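Chain and residue survey
Residues per chain, in single letters:
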Amino acid sequence: MGAVEKPAQAVAHAPMVALLGNPNCGKTALFNRLTGARQKVANYAGVTIERKEGQFTSPAGHGYRLIDLPGAYSLKAHTPDEAITRDVVAGLRANEASPDVVVCVVDATNLRLNLRLVLEIKRLGLPMILALNMVDVAKKRGIVVDADKLAQELGMTVVETVAVTAGGEKSLLRALDEMWPLHVTKAHPLAAIDAVPVEETQREVRRILALVSNDSQDKGNLSEKIDDVVLHPVIGPVILAVLMFLVFQAVFSWAAPPMEWIKGSVEGVGELLKGQMADGVLRSLLVDGVLSGVGSVLVFLPQILILFFFILVLEDCGYLPRAAFLLDRLMGGVGLSGRAFIPLLSSFACAIPGVMAARTIQNPRDRLVTIMIAPLMTCSARLPVYALVIAAFIPEREVWGILSLQGLVLFTLYVAGIVSAMAVAWFMKRTMGSNRQQPLMLELPSYHWPHLRNLGIGLWERAKIFLSRVGTVILTLMVLLWFLSSFPGAPEGASHPPIYYSLAGMLGRGLEYIFAPIGFNWQICIALVPGMAAREVAVGALGTVYALSQTGDELATQLAPILTQTWSMATALSLLAWYVFAPQCLSTLSVVRRETGKLRYALAMAGYMFALAYTASFITYRAALALGA
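My aim in this report is to walk through the structure given alongside it, one point at a time. All values reported here derive from a predicted model rather than from experimental measurement.

**Digging into the side chain of Asp68**
Along the chain, Asp68 falls in strand β4 (residues 63-68). Within the structure, the side chain of Asp68 is placed 2.7 Å from the side chain of Lys27, a separation counted as a polar contact. There is a polar contact of 3.1 Å between the side chain of Asp68 and the side chain of Thr28. The residues touching Asp68, leaving out its near neighbours within four places in the chain, are Leu19, Lys27, Thr28, Phe31 and Lys52.

**Notes on a nonpolar patch on the surface**
There is a patch of nonpolar side chains on the surface, built from Val281, Phe483, Phe487, Leu503 and Met506 and spanning about 450 Å² of accessible area. Mapping Phe487 onto the fold places it in the loop between α21 (452-486) and α22 (503-515).

**Quick notes on the packing of helix α3 (residues 111-122) against helix α8 (residues 198-212)**
Relative to each other, α3 and α8 sit at 120 degrees, their axes nearing to 9 Å. With respect to each other, α3 and α8 are oriented oblique. For the pair α3 and α8, the sense of crossing is right-handed. Residues Leu111, Arg112, Leu115, Arg116 and Leu119 of α3 lie in contact with α8, whose contacting residues are Val198, Thr201, Gln202, Glu204, Val205, Arg206, Ile208 and Leu209. Across the contact of α3 with α8, the residue classes break down as 7 nonpolar, 2 polar and 4 charged.

**Examining the packing of helix α27 (residues 586-596) against helix α28 (residues 599-626)**
Packed helices, taken two at a time, are described by the angle between their axes plus the distance between the axes. Between α27 and α28, whose axes approach to 7 Å, the crossing angle comes to 140 degrees. As for how α27 packs across α28, the hand of that crossing is right-handed. Facing Leu589, Val592, Arg593 and Thr596 of α27, the residues of α28 in contact are Leu599, Tyr601, Ala602, Met605 and Ala606. In terms of residue class, the contact of α27 with α28 is made up of 7 nonpolar, 1 polar and 1 charged.

Each value, and the rule that gives it
- Residues numbered from 1 in each chain as written.
- Predicted model: local features only at pLDDT ≥ 70, side-chain atom pairs only at ≥ 80, totals over all residues.
- Heavy atoms only, no water.
- Helix = DSSP H or I, 4+ residues; strand = E, 2+ residues; numbered from the N terminus.
- Polar contact = N/O pair within 3.5 Å; in protein donor to acceptor, adjacent residues only side chain to side chain.
- Contact = heavy atoms within 4.5 Å.
- Patch = residues over 30% accessible without salt bridge, like charges linked within 9 Å, V, L, I, M, F, W, Y side chains within 5 Å.
- Areas by Shrake-Rupley, 256 points an atom, 1.4 Å probe, with all protein chains shown as cover.
- Salt bridge = Lys/Arg side-chain N within 4 Å of Asp/Glu carboxyl O.
- Axes fitted to C-alpha atoms, helices over the stretch in contact; angles between N-to-C directions.
- Parallel < 35°, antiparallel > 145°, perpendicular 65-115°, else oblique.
- Left-handed = near helix turned anticlockwise from the far one by under 90°.
- Nonpolar A, V, L, I, M, F, W, Y, C, P; charged D, E, K, R; others polar.

Okay, here's the thing in structure tokens:
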């Protein structure tokens, strides 16, 4: 049997097992296999690098803590991720002792690249187990690896694992139990690694491979045949463009049924509350504040999960590094390397992981430019705003008989963000110096089918993050906005809805002087303020503001028809243009400050994005008016 359940407190002080290895070796899949949902994600102190820790109990009843260290090719660190891995293993981080045992995961089909890291870790003198992963793939290809001989040459336990298969971790669990009890061991100084030249390490890798591995019967890699098509200079970019286009079509087409169900459920709860509660402050808070605000955001959960689903599938099957390779020449023309593609793609989900992922870029200038343009990628927080405005103003019909017009508009907005990011990168290339393009070196992992378990865990994590924001940040802001929008009440004989005379109404009317030239009314101006905390909050804010603006019995969740009646097409298009460039949310600006180490870069980002947003909205609004929109 594999890892078993045990109460968290039973393993709170258990031995720490560090899981590390090269990127794409199956390390995280093994982490998920061992821990399942018993894992937590935080950041290392002082940096924004993700720290993923879990726990599990072996069949022998021994509890372990497991930490998934960032992928690294060497402990001679060249990136912030590799520096964290080095410092944790060597016990150099404050308040974090060296692991009790190191499990180094290697790809059985690519030992030539993986063994350098193994030899470096061995020189630190820590207890080690080598997990020879993907042995099933190696056997299918005809690659023979003598695990016993490898253990003899390395002087450590070697076990075969298949992280993506149930039970594929059993040999590792047995090896850990055989090492019990684990004793505290202090790592040797890093000088033990630096004292050995890289050339000598590589000679040792080749010597070991000659003894333990036989690839003379290698049947070849199917991935190479697929790459003949996928990486073709003409066909490859077409495939990439089609894939991206289909993703955005699916975001609208597939999400419609679950969105309708969530919308109907929220409406039902609202009607129930209105029927069971007397008119008053508490009912207004629950219906006009909580349900109108939170419900307006919650309805977009299916679209966000569909977007994440495609990103996770492309990542898990090994396509994303190929996309980076395809785009290297294009991105080189604007001063970036293809390595920036993955951080920028991550920014489609959220700019925060995109900014954090830029740490894998070794060149400081390229890394800074990537960070500065990452927020221009259309993050999932913009999606609720786009979906709301598109549903309200763009007719639901097909183009050329197969394409959704609404999906086509959404795709255009995403393309606008990409084009603007490339333009800003080109401008920075001309103004920041060091124009020489850095060569791109990438490891292209073998293709494989996405693993449902990993997809499920990834989607569950994203859903939890979104729902926690709905239940904490968004709910808090909606209650605060309801209060500001409800007090003080309207005076006797008032001719406007009560919100017009409230604190929020006063703020909105003040901001309207600034935003009137781009078509924004005072209700939109109110929504922009809490939208600085998180962009998707703007939809909830509009729901609250317009719910309190109604003088009849319109249900608060029916936001799209209200916007259709109160906004012009020019205003709707202006708001879409605003959100293509919208100044970044405060949490992302905070991460930029921490990643760059300078406040001025965060302020510069907010400034240039506000200028772009206002300019784009002004041009869009005036052009739409001129065309009669």
